Amino acid sequence: MTILTTIILGAILGMLLSPSHSDAFLAKHSPQATGGSVTPRLSVDPRGSIYLIWKEERESQAGHIFFNRSTDRGQSWQQDARGLDGTKPNGSRSSSPRVDSDGKGNVYAAWWTKHRDGTKDVLVSTSRDFGASFGPAVKLNRDYGAFPPEINADGKGHVYVVWSDERTDDEEGSRRG
């Protein structure tokens, strides 16, 4: 499914869920979201800003995470998409991007990176200015390999990230209920 298709489906769903069809809108596609863009995710804040994150699959950008935003309900997008995982080692591939915002200017991006040596990490990058810039990616998992994350912000200054890891019940420090 392409980003344009996802946005169109979201707009249709928005029309179906809106109390008034006049409140629905059709967002324009992000100019950087080309045919090599996969696994798009959206977050919309109460001001109408749309935060878009995706994995790029083109040959020159295989396995990289990109972010773009619209501050006018999807009618226009920032000129340049921002690469969020540019500091990863050569041979690493990122995927499963997730994004959420708290409606107060904080935007959180999470993704999963698999390295050439087989290790897997969950990373998060935070914006404190409505997605205009992002801080460095922070690794969340410890010594165990990690799998794709989910992220949610509550609007009270808390962000929650969950993921699966490769621990077994027999390993020290494993706490499974």
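Residues numbered from 1 in each chain as written. Predicted model: local features only at pLDDT ≥ 70, side-chain atom pairs only at ≥ 80, totals over all residues. Heavy atoms only, no water.

K.L.:
Is there a simple way to explain the confidence of the model for the protein chain in this structure?
P.N.:
Any segment with low pLDDT has predicted coordinates that should not be analysed in fine detail. Across the protein chain, the average pLDDT comes to 78, with 72% of residues at 70 or higher. Mean pLDDT per element in the protein chain: helix 1 (residues 3-17) is the minimum at 43, and strand 9 (residues 150-153) is the maximum at 95. Counting contacts from residues 1-26, a segment whose pLDDT is below 50, to residues more than four positions away or on other chains yields 26 contacts. (pLDDT = per-residue confidence, 0-100. Helix = DSSP H or I, 4+ residues; strand = E, 2+ residues; numbered from the N terminus. Contact = heavy atoms within 4.5 Å.)

K.L.:
For this particular structure, what's the right way to read the side chain of Asp45?
P.N.:
Looking at where Asp45 falls in the secondary structure, it is placed in the loop between strand 1 (37-44) and strand 2 (50-56). A distance of 2.8 Å separates the side chain of Asp45 from the side chain of Tyr51, its partner in a polar contact. (Polar contact = N/O pair within 3.5 Å; in protein donor to acceptor, adjacent residues only side chain to side chain.)

K.L.:
Explain the sheet that holds strand 5 (residues 93-101) to me, please; I cannot follow it from the model alone.
P.N.:
Hydrogen bonding along the main chain pairs the strands of a sheet, whether they run parallel or antiparallel. If you walk across this open sheet you meet the 4 strands as 5-6-7-8, and the pairing is antiparallel. Looking at the sheet topology across the chains shown, the edges are occupied by strand 5 and strand 8 (138-139). Across 7 bridges, strand 5 lies against strand 6 (residues 107-114) in antiparallel orientation. Counted as the bridge partner of Ser95 is Trp112 from strand 6. (Pairing = 2+ DSSP bridges.)

K.L.:
Explanation requested: the pattern of salt bridges in the structure shown.
P.N.:
Note that side chains of opposite charge can pair when their charged atoms are close. Under the criterion given, the structure shown has 4 salt bridges. Among the ionic pairs, Lys120 bridges to Glu166, the shortest N-O distance being 2.6 Å. With Lys120 in strand 7 (residues 120-127) and Glu166 in the segment after strand 10 (159-162), the pair connects residues that are 46 residues apart, well separated along the chain. Exposure remark for Lys120: the relative accessible area of 11% places this residue in the buried category. Assessed through its relative accessible area of 37%, Glu166 is described here as partly exposed. (Salt bridge = Lys/Arg side-chain N within 4 Å of Asp/Glu carboxyl O. Buried < 20%, exposed > 50% of the residue type's maximum accessible area, 1.4 Å probe, protein only.)

K.L.:
What is the right way to look at the pairing of strand 9 in this model?
P.N.:
Strand residues, when the strand is regular, have side chains that alternate between the two faces of the sheet. Burial along strand 9 is one-sided: Ile151 and Ala153 are buried, while Glu150 and Asn152, pointing the other way, are not. Of the pairings in the sheet, the one linking strand 9 to strand 10 comprises 4 bridges and is antiparallel in character. The residue bridging Asn152 from the neighbouring strand is Tyr160, located in strand 10. The turn linking strand 9 back onto strand 10 is made up of 5 residues, and Gly155 within it adopts a positive phi angle of 80 degrees.

K.L.:
Help me understand the environment of Asn141, please; the structure alone is not making it clear to me.
P.N.:
Structurally, the position occupied by Asn141 is in the loop between strand 8 and strand 9. A sequence separation of 23 residues divides Asn141 from Ser164, and the C-alpha atoms of the two residues are 9.7 Å apart. A distance of 3.3 Å separates a polar atom in the side chain of Asn141 from a polar atom in the side chain of Asp121. A polar contact is formed between the side chain of Asn141 and the backbone nitrogen of Val122, at a distance of 2.9 Å.

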